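Each chain is listed here by its residues.
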Amino acid sequence: MSKRTVQFKIYRYDPDKDAAPYMQDISVELEPSDKKLLDALVRLKAKDDSIAFRRSCREGVCGSDAMNINNKNGLACLTDIDSLKQPIVLRPLPGLPVIRDLIVDMTQFFKQYHSIKPYLINDDPPPERERLQSPEEREELNGLYECILCACCSTACPSFWWNPDKFVGPSGLLNAYRFIADTRDQATSERLDNLDDPYRLFRCHTIMSCVDVCPKSLNPTRAIGKIKDLMVRRAV
Amino acid sequence: MSNKVTKRTFDAVIVGAGGAGLRAALQLSEAGLKTAVLSKVFPTRSHTVAAQGGVAASLGNTTEDNWHWHMYDTVKGSDWLGDQDSIEFMVRKANEVVVELEHYGMPFDRTDNGKIYQRPFGGHSQNYGKSPVMRSCAAADRTGHAMLHALYQRNVRAHTQFFVEWMALDLLRDASGNVLGVTALELETGEVSIFHAKATIFATGGSGRIYYSSTNAFINTGDGVGMAARAGIPLEDMEFWQFHPTGVAGAGVLITEGVRGEGGILRNGGGERFMERYAPNLKDLASRDVVSRSMVTEINEGRGCGPDKDHVMLDITHLSPEVIMKRLPGIREISIRFAGVDPIKAPIPVVPTCHYQMGGIPTNYKGQVVVPKFGNADTPVPGFYAAGECACASVHGANRLGTNSLLDLLVFGKAAGESVVDDFRAGNLELKPLPEDVADRTLARLDRLETQRDGSSVNDVRLAMQRTMQKHAGVFRFKDLLKEGVEKILKVAGDARYTQIGDKSKVWNTARQEALELDNLIEVAKATMVSAEARKESRGAHVRDDAVDTPEHPNGRDDTNWLKHTLWFSADNHLEYKPVRLKPMSSDVEPIALAKRTY
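Residues numbered from 1 in each chain as written. Chains lettered and ligands numbered in written order. Predicted model: local features only at pLDDT ≥ 70, side-chain atom pairs only at ≥ 80, totals over all residues.

Student: Can you help me understand the overall build of chain A in this one?
Tutor: The helix and strand inventory of chain A stands at 8 helices and 7 strands. With 236 residues in all, chain A has 49% of them scored as buried. In chain A, of all internal contacts separated by at least 6 residues, the share reaching a separation of at least 24 is 65%. (Helix = DSSP H or I, 4+ residues; strand = E, 2+ residues; numbered from the N terminus. Buried ≥ 20, exposed ≤ 12 C-beta atoms within 10 Å, placed from the backbone. Contact = placed C-beta atoms within 7 Å.)

What follows is the structure, given as structure tokens:
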């Protein structure tokens, strides 16, 4: 890769000084070693230190730098700059209140995550050693436990946009199924009760935007389908 | 900047919500103490999340194992600089804390009989160095992620009170040196609060961002270490930094040692498995410092790979795709994304990359912060505790073994939490009055940033620091470069006192945050360079050109003069030393006797 200049259109809003949000046209010259969108944002920030965004691990495992990139949610650290059409349009994740620039208020997202009781429930006295689980039983958790809570999926979901206070959202539901699928967890029925509601689970209309944007290639729609199956099965 | 400072009062305040902070928090929440956990990022964004290969425990699920062997490996790995009481404490607690995690719901991989899956790792052996052992308890190659989420989830269950996206700014002490809590900045509003507490636990992680090339996250800015140093707490053994053998060349992203644990091989430009020459016994699974130096030697002697011969290759093409997909799926993803190669088909280009801070805030094995006072090198500071990478217990000494860091944060996070609970219940902790001027240092730092004119840019100063550290305190160290490095880093530290920011907003001001973080990084950088220059021997990760292998000083190690811990004091940039605790915790445990380190 060579030196090149990249054009951006970035959503800017600082409630301390801006009456309203606006889109800023800005460009930056990249070094040959800059490959990911996050590299470019860091370079941009060296030029204008007022651009605000979250970032941490820069390798797609902490979930900090989720944003809307050319109209699609993704992680800046995993997105190749040269794959993006210019000007690169960056907006905060849709559907959540903006605090500043690309930083959104994730309270509602985490509230939904917390609402599914995201922890193992097993009231048996813990044995001296590990609880046993076969490799096959453990495999049931693959594609579920890897969620990084970046919110790309939930904020790409129209049902979540309309009812962020009532619909758990793809990320929360994926995590709910992660515990239902765990052979060590004893609260399946309680967990299903918790979701048996026209909004909490059933606002998912399987349009699969979540699957399309998940930076970890997880499939919340499939997990939601499995929860729905369990609901049906226990109803009959 | 408003001078109005809100005061909040707690039994305990924990700074940091990575593995150590969350483990400590559980202890306090479950004991019913009124606890505040401050984190500048949402807890699951903490850097524990990036740990890959596993956590050490001598469960013996696949191969025979016991804590005596683990203790020997850890002492030897530390090049005998680790304190043997702390090491004994850690390895004997390992099974307990790992099994607890499993009970919390951590999704460990499993053996065929349903137990926790364990894989081999560098420097871990059976029978005191005889052959590799399967000791690393793993959740695929996402162990840190699985662990951090399980710990966060357990804290949700325990109703732990988090202050998310609050950055601690300064450690508060009174005239007698008692610790009273911290000042902290709420990122969203820019407001400053005093967190007044009977006990303060630092679990702020490492500071790897002092180097230009690092596996560490952006947030690893040594906040606790810097705060402690500014408040007069010495820093221990800061010359010892681990360079992980396998960072992706160019990108710096970590490739776990678990890749070699699963059978991966390092090859030079000629395709040779060069580790056979440097470590005939454990080969690619020798200790990290040994492997990193071997790699740099290969590169320096012209046997590197690529057009510039500036890296070596990590080869797993001989492993079956099934093993790679099952045990190393995250590594495959990282290789494809950051190195542009699918490791099933082609080897991964790697170079040693700054990874872990062995030194830190001095503690004993109970997690109490200790300083030289009243003629005792290890006198606890009332009200102050630390655990995890920011602390130095010291279990890693001059070189840490892979998988011992996740163990460290579990064992000492829990120990620090238990110490606070014990001290609280024994009535040893009280809410000491806040002096009038207790927040002045913090307010002065913020005011300076508000008003600084003609200063230097945060980015420029940070870059100068990172370049200096990379060049002058790297994998191999040179007498002249270290000397020059001290002068350079002190000059950079001078510039850091005059950083200037353009952004003056109250709301989520990341420019201000980065300037405040730089104040912490610079303390760590100074401590590292000054301590390294002064240590005139080679030991573990600190290897100098003027301390080479001789019969009198095997591997350049000088136990007569340097079997001691460094203590660096920020106020006047001076050094003191304290003895290594060579006696194990229990009287019936034999000390691991000094010996030359070979693998």
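Next comes the rest of the description.
Student: What is the right way to look at the sheet that holds strand β3 (residues 55-56) of chain B in this model?
Tutor: Each strand in a sheet pairs with another by means of backbone hydrogen bonds, the pair being arranged parallel or else antiparallel. Residues and elements named next belong to chain B. On the basis of which strands lie adjacent, the open sheet formed by 3 strands has the order β3-β5-β4 and antiparallel pairing. A single partner strand is all that each edge strand has here, and the edge strands are β3 and β4 (118-126). Taken together, the 2 bridges between β3 and strand β5 (residues 131-137) define a ladder with antiparallel strand orientation. Across the sheet, the residue bridging to Ala56 is Ser136, located in β5. (Pairing = 2+ DSSP bridges.)

Student: Can you walk me through the interface of chain B and chain A in this structure?
Tutor: Bring the parts together and some accessible area is lost; that lost area is often taken as the interface size. Contacts between chain B and chain A engage 43 residues on the former and 41 residues on the latter. Only α3 (84-104), α4 (143-157), α10 (329-339) and α15 (510-534) of chain B provide two or more residues apiece to the side of chain B that touches chain A. Take the side of chain B that touches chain A: its biggest share by element is 6 residues, from α4 of chain B. In the side of chain B that touches chain A, the residues fall into 18 nonpolar, 12 polar and 13 charged. (Nonpolar A, V, L, I, M, F, W, Y, C, P; charged D, E, K, R; others polar.)

Student: Is there a simple way to explain the sheet that holds strand β22 (residues 574-579) of chain B in this structure?
Tutor: Residue and element names in this part refer to chain B. Sheet architecture is open: 3 strands sit in the order β10-β21-β22, paired in antiparallel fashion. Both outer strands of the open sheet, β10 (235-236) and β22, are each paired with one neighbouring strand and no more. Two elements, β10 and strand β21 (residues 564-569), share 2 bridges in a ladder whose sense is antiparallel. Bridging across to β21, Glu236 finds its partner in Leu567. Those strands touched by α15 are β10, β21 and β22, and its axis lies near 135 degrees from that of β21. (Axes fitted to C-alpha atoms, helices over the stretch in contact; angles between N-to-C directions.)

Student: Sorry, what's going on with α10 of chain B here?
Tutor: Given 3.6 residues per helical turn, the α-helix brings residues three or four places apart onto the same face. All of the buried residues in α10 of chain B are Gly330, Ile331, Arg332, Ile334, Ser335, Phe338 and Ala339 of chain B. Directly after α10 of chain B, the chain includes Gly340 of chain B, whose backbone phi takes a positive value near 70 degrees.

Student: Explain the environment of Ala156 of chain A to me, please; I cannot follow it from the model alone.
Tutor: Residues and elements named next belong to chain A. Relative to the helices and strands, Ala156 resides in the loop between α3 (135-139) and α4 (158-162). For Ala156, a count of 26 C-beta atoms within 10 Å corresponds to the buried category. For the pair Ala156 and Leu195, spaced 39 residues apart in sequence, the C-alpha to C-alpha distance is 21 Å. With near-sequence residues (within four places) excluded, Ala156 lies in contact with Asn73, Ser209, Cys210 and Val213.

Student: Just checking my understanding: could you explain the domain arrangement of chain A for this structure?
Tutor: Residue and element names in this part refer to chain A. Here chain A is described as being made up of domain 1 (4-104) and domain 2 (107-235). A straight line from the C-alpha centre of domain 1 to that of domain 2 covers 29 Å. With 14 residues of domain 1 in contact, the opposing surface of domain 2 contributes 14 residues. Residue composition of the side of domain 1 that touches domain 2, grouped by class: 8 nonpolar, 5 polar and 1 charged. (Domains from an automatic or database assignment.)

Student: In this structure, what is going on with the pairing of strand β1 (residues 4-12) of chain A? I would like to understand it.
Tutor: Sheet faces and side chains relate simply in a regular strand, where the side chains alternate between the two faces. All names here are of chain A. Of the strand pairs in this sheet, β1 and strand β2 (residues 22-30) are connected by 9 bridges, and their pairing is antiparallel. Bridging across to β2, Arg4 finds its partner in Leu30. Direction of pairing for β1 relative to strand β5 (residues 88-91): parallel, over a ladder of 3 bridges. Bridging from a neighbouring strand, Lys9 pairs with Val89 of β5.

Student: When you look at the nonpolar core in this model, what are you seeing that I'm missing?
Tutor: Nonpolar side chains in soluble globular proteins tend to end up buried together. Within the largest apolar cluster, 257 residues are counted, with the highest numbers of intra-cluster contacts made by Ile201, Ile361 and Ala387 of chain B. Of all the elements, α15 of chain B adds the most residues to this core, at 12 residues. Counting contributing residues per domain, this core is built from domain 1 (4-104) and domain 2 (107-235) of chain A, each supplying no fewer than three. Apart from residues lying up to four places away in sequence, Ala387 of chain B is in contact with Ala20, Ala24, Ile201, Ala203, Gly367, Leu409, Phe412, Gly413 and Ala416 of chain B. (Core = buried A, V, L, I, M, F, W, Y, C linked by C-beta atoms within 7 Å.)

Student: Would you explain helix α8 (residues 220-235) of chain A in this entry?
Tutor: Residue and element names in this part refer to chain A. Between its terminal C-alpha atoms α8 stretches 23 Å, which fits the 22 Å expected from 16 residues at 1.5 Å a residue. Buried residues of α8: Pro220, Thr221, Ala223, Ile224 and Ile227, and no others. Down the axis of α8, the buried side of the element spans an arc of 165 degrees, and every buried residue falls inside it. The outward face of α8, more than 90 degrees from its buried face, is lined by the exposed residues Asp229, Val232 and Arg233. On its buried face, α8 sits against α5 (169-180), α6 (188-195) and α7 (209-213). (Expected span 1.5 Å × (residues − 1). Arc of directions from axis to C-beta.)

Student: Honestly, the environment of Leu120 of chain A in this entry has me stumped. Any pointers?
Tutor: In this fold, Leu120 of chain A is placed in the loop between α2 (107-115) and α3. C-alpha separation for the pair Leu120 of chain A and Leu195 of chain A, spaced 75 residues apart in sequence, amounts to 17 Å.

Student: Looking at this model, I keep getting lost on the environment of Leu96 of chain A. Mind explaining?
Tutor: Residue and element names in this part refer to chain A. Position of Leu96 among the secondary structure elements: in the loop between β5 and β6 (98-100). The class for Leu96 is buried, based on 20 C-beta atoms found within 10 Å. In this structure, Leu96 is in contact with Val104, Asp105, Met106, Gln108, Phe109 and Thr155, ignoring residues within four places of it in sequence.

Student: Quick question: what am I supposed to make of unusual backbone geometry here?
Tutor: The phi torsion of most residues other than glycine is negative, and most of the peptide bonds are trans. Gln86 of chain A connects to Pro87 of chain A through a cis peptide bond whose omega is -5 degrees. The amide bond that connects Ala393 of chain B to the next residue, Ser394 of chain B, takes the cis arrangement and shows omega of -10 degrees. Residue placement: Ser394 of chain B occurs in the loop between β18 (391-392) and α11 (404-425). Phi at Asp79 of chain B takes a positive value of approximately 55 degrees, unusual for a residue other than glycine. The backbone of Phe374 of chain B shows a phi angle near 50 degrees, a positive value even though the residue is not glycine. Within the secondary structure, Phe374 of chain B is located in the loop between β16 (368-373) and β17 (376-386). Overall, the presence of 5 C-beta atoms within 10 Å leaves Phe374 of chain B in the exposed class.

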